[in-house]
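Residues per chain are reported as follows:
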2 protein chains.
Amino acid sequence: MDSSRSGKESGDIAIPLREVKSSKSGKGAPPVVAATTVRLSQQPPVGGWKRGVGIIDLILRICAITATLAAAAVMGTTSQDLPFFTRFFQFQASYDDFPTFTFFLAGNVITCAYLVVSLPFSIVCIIRPHILGARMLLLLFDTLALALTMAAASAAAAIVYLAHNGNPNTNWPALCQQFDEFCPRVSGAVVGSFLATLILVVLVVLSAAALRRN
Amino acid sequence: MDSSRSGKESGDIAIPLREVKSSKSGKGAPPVVAATTVRLSQQPPVGGWKRGVGIIDLILRICAITATLAAAAVMGTTSQDLPFFTRFFQFQASYDDFPTFTFFLAGNVITCAYLVVSLPFSIVCIIRPHILGARMLLLLFDTLALALTMAAASAAAAIVYLAHNGNPNTNWPALCQQFDEFCPRVSGAVVGSFLATLILVVLVVLSAAALRRN
């Protein structure tokens, strides 16, 4: 009964079979059985798979931090002064002329800050792959970060599209003929943010896969 | 050995203890042990919890179908003719005057169609709570649907904001003084789509919680 109970505690299917064998072969040697159990529970086969997922998770998280940080930095630093002016256009364009671009900047900074804070939890999931609470917490907040980043990126994309093409139906003129330096930089920031969104989708699905192999 | 093997197949922690008891009490009655095992494996305690999650999942899914369908229907049917015209504004406003609203309509229709298709899988997860493949598939596509719906809703929200307030920096005039019937209906559609996004976030987290209790 003692050997089967220690097999349950290690959480490994293969262990009880081995214990039955060793208790059959030598009935008067319990210390050997205990040593085998400890060695097996330190290296479970499921834990190795989860550790690989954890390492991929950490790498993707660092990529997403880079993408959101770059998107926020490009959006925050881009500003263009025009050498000429017309009756309709101002001399200068920067992100705070557009409320949507301010939201874009805020959304990407918040996601970037969250991802930096989440790094220790991701490392905990590598060191202790069986702690499911940290994994579940990461999945919950990754989903919220995904929603926030997607909202910021697609709202900015709608405005960038409008700046490129205008809308003659509503008499909104295109800007990118005039602001030929501002528009490509802003478009690049939006692409970076969409990249971060893609990485967050992969992170959510990876976390779910890690939860599945309980 | 036979009784412990059947206990493993049923996947229930409580079963082996009962089997040990019955095999101790009556060694010559294996049919009784088999009958007990079958009854226990039909009503696992974890399955009941998962079934509850499955029922909530189904109800939320139907709510999300309603929300996206309503958003798409309102956006698709809203059109306003103006009784007057100026040099700048057209006589008529409908969703196909705005490329972003066309994208909004398409995104919500696609999400609604996916959610209808996902209903049988959700029902499978209620009837057979231990089938994790269907649950994992739902989580993957729910995450993608969440990203699509959020993109559609927030892009449309950016344009609705612009239609309400305009942007004097870029000489984009506000429209909602003129189109006083078009704007509130479109805003309502956007709110419906954000509601669907919120439900999809809850669905993703619920699926992850169901995967956790393996």
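Please read all numbers here as calculations on a predicted model, not as lab measurements.

A. Broad picture of the overall build of chain A. Within chain A one finds seven helices and two strands. Taken from N to C terminus, the helices and strands of chain A fall in the order α-α-α-α-β-β-α-α-α. Across the 214 residues of chain A, 46% fall into the buried class. Across chain A, contacts joining residues at least 24 apart in sequence account for 76% of those joining residues at least 6 apart. A total accessible area of about 10,800 Å² is found for chain A, and carbon and sulfur atoms account for 68% of it.

B. A look at the interface of chain B and chain A. Facing 42 residues of chain B, the contacting portion of chain A comprises 42 residues. Interface area for chain B against chain A, summed over the two sides, is near 3,900 Å², with a carbon-plus-sulfur share of 72%. The largest share of the area that chain B buries against chain A comes from Asn 169, Trp 172 and Arg 212 of chain B, three residues that together contribute 18% of it. Joining chain B to chain A, the criterion identifies zero salt bridges. Counting across the chain B and chain A interface gives nine residue pairs in polar contact (both at pLDDT 80 or more). Of all elements in the fold, only α5 (99-127), α6 (132-165) and α7 (182-212) of chain B reach the threshold of two or more residues within the side of chain B that touches chain A. Per-class residue counts for the side of chain B that touches chain A are 29 nonpolar, ten polar and three charged.

C. How the structure looks around the relation of the copies chain B and chain A. Note on the identical chains: chain B maps onto chain A by a rotation of 180° and an axial translation of 0.0 Å, with an RMSD of 0.0 Å. Here the transformation between the copies is reduced to the relation of a two-fold axis. Within chain B, Ala 155 of chain B has its C-alpha nearest the rotation axis, a separation of 2.1 Å. Comparing interface residues between copies, 100% of those in chain B also lie at the interface in chain A; the contact surface is shared.

D. Local environment of the pattern of salt bridges. All names here are of chain A. Evaluated as defined, the whole model comprises six salt bridges over all chains. Among the salt bridges present, the one from Arg 61 reaches Asp 142, with a minimum N-O distance of 2.9 Å. Within this pair, whereas Arg 61 is found in helix α4 (residues 45-77), its partner Asp 142 is found in helix α6 (residues 132-165), the two being separated by 81 residues in sequence. Each of the salt bridges in this network shares a partner with another, and the network as a whole consists of Asp 57, Arg 61, Arg 135 and Asp 142.

E. How the structure looks around the state of the cysteines. Residues and elements named next belong to chain A. If you walk through the whole model with that rule in mind, you get two disulfides over all chains. Between the sulfur atoms of Cys 176 and its disulfide partner Cys 183 the distance amounts to 1.9 Å. Across the S-S bond of Cys 176 and Cys 183 the torsion is about -80°, and the bridge reads as left-handed. Residue Cys 183 is classed as buried on the basis of its relative accessible area of 7%. In this structure Cys 112 is not part of a disulfide, and its nearest cysteine sulfur, from Cys 63, lies 13 Å away. Here Cys 112 falls in the buried class, since its relative accessible area comes to 8%.

F. Geometry of the packing of α6 of chain A against helix α7 (residues 182-212) of chain A. Residues and elements named next belong to chain A. Axis separation between α6 and α7 bottoms out at 8 Å; the angle between their running directions is 155°. In terms of their interaxial angle, α6 and α7 are classed as roughly antiparallel. The chirality of how α6 crosses α7 is left-handed. Split by residue class, the contact of α6 with α7 holds 23 nonpolar, eight polar and two charged.

G. The arrangement of the packing of α7 of chain A against α7 of chain B in detail. Relative orientation of the contacting elements α7 of chain A and α7 of chain B amounts to 25°, with a least axis distance of 8 Å. One way to sum up the angle between α7 of chain A and α7 of chain B is to call them roughly parallel. Where α7 of chain A crosses over α7 of chain B, the two elements pack in a sense that is left-handed. Residues Val 204, Ala 208, Leu 211 and Arg 212 of chain A of α7 of chain A touch α7 of chain B, and the partners they reach there are Val 204, Ala 208, Leu 211 and Arg 212 of chain B. For the contact of α7 of chain A with α7 of chain B, the per-class residue count stands at six nonpolar, no polar and two charged.

H. Broad picture of the environment of Glu 181 of chain A. All names here are of chain A. Within the secondary structure, Glu 181 is located in the loop between α6 and α7. Taking the relative accessible area as the measure of exposure, Glu 181 reaches 49% and is therefore partly exposed. A C-alpha to C-alpha distance of 10.0 Å links Glu 181 and Ala 93, two positions 88 residues apart in sequence.

I. The layout of surface pockets, seen in detail. If you add up the space inside the second largest pocket, you get close to 210 Å³. Around the second largest pocket sit 14 residues that line it, and Phe 103, Ala 151 and Ala 155 of chain A together with Ser 154 and Phe 194 of chain B are the ones nearest its centre. Among the elements of the structure, α5 (99-127) and α6 of chain A together with α6 of chain B are those that each provide at least two residues to the lining of the second largest pocket. Its residues assigned to classes, the lining of the second largest pocket comprises twelve nonpolar, two polar and no charged.

J. α6 of chain B, seen in detail. In a regular helix each residue adds 1.5 Å, so 34 residues correspond to 50 Å; α6 of chain B covers 48 Å between its end C-alpha atoms and thus fits that length. Looking one or two places after α6 of chain B, you find Gly 166 of chain B, whose phi comes out positive at around 70°.

Criteria and thresholds
Residues numbered from 1 in each chain as written. Chains lettered and ligands numbered in written order. Predicted model: local features only at pLDDT ≥ 70, side-chain atom pairs only at ≥ 80, totals over all residues. Heavy atoms only, no water. Helix = DSSP H or I, 4+ residues; strand = E, 2+ residues; numbered from the N terminus. Buried < 20%, exposed > 50% of the residue type's maximum accessible area, 1.4 Å probe, protein only. Contact = heavy atoms within 4.5 Å. Areas by Shrake-Rupley, 256 points an atom, 1.4 Å probe, with all protein chains shown as cover. Buried area = accessible area lost by both parts, 1.4 Å probe. Salt bridge = Lys/Arg side-chain N within 4 Å of Asp/Glu carboxyl O. Polar contact = N/O pair within 3.5 Å; in protein donor to acceptor, adjacent residues only side chain to side chain. Nonpolar A, V, L, I, M, F, W, Y, C, P; charged D, E, K, R; others polar. Least-squares fit on C-alpha atoms with pLDDT ≥ 70 in both. Disulfide = S-S within 2.5 Å. Axes fitted to C-alpha atoms, helices over the stretch in contact; angles between N-to-C directions. Parallel < 35°, antiparallel > 145°, perpendicular 65-115°, else oblique. Left-handed = near helix turned anticlockwise from the far one by under 90°. 1 Å grid on protein atoms, 1.4 Å probe; cavity = no way out; pocket = protein on both sides within 12 Å on 5 of 7 lines; lining within 4 Å. Points joined across faces, edges and corners; volume = space filled by probe spheres on them. Expected span 1.5 Å × (residues − 1).

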